[in-house]
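Fold and geometry: a report
Spelled out from the first residue to the last, the chains are:
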Amino acid sequence: MKLYAPEAVANAILFAAAHPKRDMFVGFQAKFGAFVGNVAPRFMDKFMELTMFRT
């Protein structure tokens, strides 16, 4: 899991407050994950099952 600088997150929050939209991604990793999830959802589900912590 990637950690982002507090400034990047704060800027994203301020932008989202001024420009409401349904989804917002901060950083390449989030954008890429969303893209792959849209193109190959079953693959992304399996990938997440194998690589993420169990909750």
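Residues numbered from 1 in each chain as written. Predicted model: local features only at pLDDT ≥ 70, side-chain atom pairs only at ≥ 80, totals over all residues. Heavy atoms only, no water.

Some details on the overall build of the chain
Applicable threshold: Secondary structure is summarised from DSSP: a helix means a run of H or I of at least four residues, a strand means a run of E of at least two, and numbering begins at the N terminus for each. Radius of gyration means the value over C-alpha atoms here, while the globule rule gives 2.2 Å times the residue count to the 0.38 power. A 1.4 Å probe rolled over the protein chains alone gives each residue an accessible area, and that area as a share of the maximum for its type sets the label: buried under 20%, exposed over 50%, partly exposed in between.
Looking only at helices and strands, the chain has three helices and zero strands in total. Element order for the chain, N to C, with α for helix and β for strand: α-α-α. A globule of 55 residues ought to have a C-alpha radius of gyration of about 10 Å, yet the chain, at 13 Å, is considerably larger. Overall, the chain is about 35 × 20 × 20 Å in size when its C-alpha atoms are taken along their principal axes. Residue burial in the chain is summarised as follows: out of 55 residues, 7% are buried.

Let's talk about the pattern of salt bridges
Oppositely charged side chains can form a pair if their charged atoms are brought close together. Stated formally: Salt bridges are counted wherever a side-chain nitrogen of Lys or Arg sits within 4 Å of a carboxyl oxygen of Asp or Glu.
Scanning the entire structure with this criterion turns up two salt bridges. As a salt-bridge pair, aspartate 23 and arginine 22 come within 3.3 Å of each other at their nearest N and O atoms. Lysine 46 is paired through a salt bridge with glutamate 49; the nearest N and O atoms lie 3.7 Å apart. Pair noted here: lysine 46 and glutamate 49 are both in helix α3 (residues 41-51), with a separation of three residues, about one helical turn.

Here we look at a nonpolar patch on the surface
What counts is decided by this rule: Patch rule: a residue counts if its relative accessible area is over 30% and it has no salt bridge; like charges are joined within 9 Å, and nonpolar side chains (Val, Leu, Ile, Met, Phe, Trp, Tyr) within 5 Å. Each accessible area value is a Shrake-Rupley result obtained with a 1.4 Å probe; residue values ignore everything except the protein chains displayed when judging cover.
Together, Phe28, Phe32, Phe35 and Val39 give the surface a local cluster of nonpolar side chains, amounting to about 490 Å² of exposed area. Looking at the element boundaries, phenylalanine 35 is found in helix α2 (residues 28-39). Judged by relative accessible area, phenylalanine 35 falls into the exposed class, the value being 53%.

Some thoughts on the confidence of the model for the chain
Any residue range with low pLDDT should be treated as having predicted coordinates unsuitable for detailed reading. Note the threshold: The predictor reports its confidence for every residue as pLDDT, a score running from 0 up to 100.
Within the chain, residue pLDDT values average 87, and 93% of them lie at 70 or more. Here α2 is the element of the chain with the lowest mean pLDDT, 90, and helix α1 (residues 6-18) is the one with the highest, 92.

Details of the packing of aromatic side chains
We apply this condition: Paired rings are identified among Phe, Tyr and Trp, the last through its six-membered ring, by centres lying within 6.5 Å, and are further divided according to the angle between planes into stacked (under 30 degrees), edge-to-face (over 60) and tilted (the rest).
Counting across every chain of the model gives two aromatic pairs. Relative to phenylalanine 32, the ring of phenylalanine 28 has its centre 5.7 Å away and its plane inclined at 20°; by these criteria the two rings are stacked. One end of the pair, phenylalanine 28, and the other, phenylalanine 32, are both in helix α2, four residues apart, so they sit about a helical turn from each other. A residue is classified by how much of its surface remains accessible, and phenylalanine 32, at 45% relative accessible area, is partly exposed. Note on phenylalanine 43 and phenylalanine 47: the rings are 6.3 Å apart at their centroids and 20° apart in plane angle, and the pair reads as stacked. On the criterion of helical spacing, the pair formed by phenylalanine 43 and phenylalanine 47 is a turn pair, its members being four residues apart in helix α3.

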